[in-house]
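# Chains, contacts and geometry: an overview
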Amino acid sequence: MASFKVVCVAIFLSAFAYHSSRVDGSIAKSMYIDWGNQHTVIQGDDLPLVLDQSSGTGAQSKKTFLFGSFEMLIKFVPGNSAGTVTAYYLSSTGDKHDEIDFEFLGNSTGEPYIIHTNVYTQGVGNREQRFYPWFDPSADYHNYTVSWNPNAIVWYVDGIPIRVFRNYESNGIPYPNQQGMRVYTSLWNADDWATRGGLVKIDWNSSPFIARIRGFRPRACIWNGPNSISQCALPSSSSWWNSPEFSQLSPAKFGQMNWFRKNYMIYDYCQDTKRFNGVMPPECSLPQF
Ligand SMILES: *[C@@H]1O[C@H](CO)[C@@H](O)[C@H](O)[C@H]1NC(C)=O
Ligand SMILES: *[C@@H]1O[C@H](CO)[C@@H](O)[C@H](O)[C@H]1NC(C)=O
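Residues numbered from 1 in each chain as written. Chains lettered and ligands numbered in written order. Predicted model: local features only at pLDDT ≥ 70, side-chain atom pairs only at ≥ 80, totals over all residues. Heavy atoms only, no water.

### A look at empty space enclosed by the protein
Worth spelling out the cut-off: A pocket here means an open set of points on a 1 Å grid, computed over the protein atoms alone, that has protein on both sides within 12 Å along at least five of seven lines. A cavity is instead a set of points where a 1.4 Å probe fits but cannot get out; residues with an atom within 4 Å of a point line either one. Grid points are joined across faces, edges and corners, and a volume is the space filled by probe spheres set on the points. Residues are grouped as follows: Ala, Val, Leu, Ile, Met, Phe, Trp, Tyr, Cys and Pro are nonpolar; Asp, Glu, Lys and Arg are charged; all remaining types, including Gly, are polar.
All chains considered together, the criterion is met by 1 cavity of 30 Å³ or more. Roughly 50 Å³ of volume is contained in the largest cavity. Lining of the largest cavity is provided by Val164, Phe165, Arg166, Tyr168, Tyr269, Glu283, Pro287 and Gln288. Taken together, the residues that form the lining of the largest cavity break down as 5 nonpolar, 1 polar and 2 charged.

Encoded structure:
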C-alpha cells in the first residue's frame with residue numbers, strides 16, 4: 001500500500017515535472033558563475049552548466065546561510081554522460097568546513113545515474129550513501145532539496161526523503177550548526193572515479209555536456225558571521241522548528257523513505273565494515289531517522 005502510494009506520487013510529480021511558472025527565485029538574482037564563465041551564461045532562471053575540454057562550470061549563491069530549505073530543479077546531461085559529475089551542495093569554508101552534498105554521477109547511454117550523498121562535519125566526511133533514481137533524471141527537471149535545521153538534515157528528491165542525518169551532538173558527534181554555508185552547483189570531469197569506479201571514461205566526441213539548473217529557492221536564514229543570523233525567509237517563523245517538513249518526518253514521509261531506501265539504495269557507509277575495519281562511525285549504531 002505504501003509503495004503504491006509512492007508510485008502514484010512519483011507519476012504525479014513526473015507528469016507535472018515542474019513546468020509550473022510559480023518559481024520564487026531566479027538564478028540570475030541569487031547565484032553567480034565562479035568557474036567556466038567563458039562558455040556559459042545565466043539567462044534569467046536558466047543556468048546551463050557546460051563541460052567541454054576547456055573546462056567545466058561552477059556557480060555559487062551570493063548569500064551565505066545557516067539552516068533552511070534549499071530547493072533546486074535540475075535536468076542532467078542526457079545521453080552519454082559517463083565520467084561527468086553534476087554537484088549540488090552546501091559548504092562552509094576553511095579546513096574544518098561543513099558540507100552537505102548531492103552529487104550525480106553520469107553513465108553511458110541508457111545506464112543509470114547514481115545519486116551520491118555525503119555530509120562533512122568539522123572537515124570530516126566519509127559518510128557516503130548512494131542511490132539509483134527511480135526515473136531518468138536527464139529527461140526532465142526534478143526537485144532536489146536539502147532541508148537543514150538544528151535537529152536534522154534531510155535530502156529530498158521530488159518530495160521523497162531519501163536520507164536523514166540527525167543531530168547527535170549529545171553523543172559527541174559534531175553537527176553542522178556553527179558555520180554558514182553557501183550553495184554551490186557545478187559540472188565537471190571526474191572520469192577517474194565516477195562511472196563504474198572510473199572504468200568508463202568521458203567520450204569527448206559527445207561534448208559539450210550540458211546539465212541545466214533552475215528554480216533555486218532558498219527558504220533560509222541569512223548568515224552574517226558567528227552568532228548572527230538575520231532575515232529568515234522561512235515559510236512561517238513560528239512553524240519552522242516544529243513543522244513536519246523541518247523537524248520530524250510524518251509517518252507518510254517516513255514510509256516513502258523506507259520504500260525508497262529498501263529499493264534504491266546501493267551503498268551505505270554504515271554497512272561497510274571492511275572500509276572502517278569494524279570500527280564503525282558512532283552514528284551508525286544510533287537510529288538514523
Ligand atoms: C521541492 O521539494 C520540497 C521538499 O519536499 C518541497 O518543499 C517543495 O515544495 C518542492 N518544490 C517544488 C517546486 O515542487
Ligand atoms: C552505470 O551503469 C552500470 C551498469 O549498469 C552500473 O553498475 C553503475 O552503477 C552505473 N552508474 C555509475 C555512476 O557507474
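### Considerations on the pattern of salt bridges
To be explicit about the condition: Put simply, a salt bridge is a Lys or Arg side-chain nitrogen that is within 4 Å of an Asp or Glu carboxyl oxygen. The helix count covers DSSP runs of H or I at least four residues long, the strand count covers runs of E at least two residues long, and both are numbered beginning at the N terminus. Throughout this description, buried means an accessible area under 20% of the type-specific maximum (1.4 Å probe, protein chains only), exposed means over 50%, and partly exposed covers the range between.
Applying the stated criterion to the full structure yields 5 salt bridges. Among the salt bridges present, the one from Glu71 reaches Arg217, with a minimum N-O distance of 2.8 Å. Placement of Glu71 in strand E4 (residues 65-75) and of Arg217 in strand E13 (residues 209-223) is noted, with a sequence separation of 146 residues between them. Each member of the pair, Glu71 as well as Arg217, carries the same accessibility label: buried. Arg219 is the partner of Glu71 in a salt bridge, and the nearest nitrogen-oxygen pair spans 3.6 Å. On the criterion of sequence distance, the pair formed by Glu71 in strand E4 and Arg219 in strand E13 is long-range, its members being 148 residues apart. A residue is classified by how much of its surface remains accessible, and Glu71, at 12% relative accessible area, is buried.

### Describing the sheet that holds strand E3 (residues 57-61)
Worth spelling out the cut-off: At least two DSSP bridges between two strands are required for those strands to pair. Axis definition: a line fitted to C-alpha atoms, over the contacting stretch in the case of helices. Angles run 0 to 180 degrees between N-to-C directions. Here, residues are in contact when the closest pair of their heavy atoms is within 4.5 Å.
Spatially, the 8 strands line up as an open sheet ordered E1-E3-E12-E5-E6-E7-E8-E15, and their pairing is antiparallel. Among the strands making up the open sheet, the edge pair consists of strand E1 (31-35) and strand E15 (265-268). Adjacent strand axes in the sheet meet at a mean angle of 15 degrees, parallel and antiparallel pairs treated alike. Inspection of the sheet shows strand E8 (residues 129-131) paired to E15 by 3 bridges, in the antiparallel sense. Bridging across to E15, Gln129 finds its partner in Asp268. Along the sheet, helix H4 (residues 251-264) contacts E8 and E15; its crossing angle with E15, the most-contacted strand, is approximately 85 degrees.

### Quick look at the state of the cysteines
Each disulfide is one covalent bond, formed between the sulfur atoms of two cysteines. How we decide: Pairs of cysteine sulfur atoms within 2.5 Å are what we label disulfides.
One pass over the full model with this rule turns up 1 disulfide. With its sulfur 1.9 Å from that of its partner, Cys270 forms a disulfide with Cys284. Here the S-S torsion is close to -80 degrees, and the disulfide linking Cys270 with Cys284 is therefore left-handed. Pair noted here: Cys270 is in the segment after E15 and Cys284 is in the segment after E15, with a separation of 14 residues, a long-range link. Judged by its relative accessible area of 13%, Cys270 is buried.

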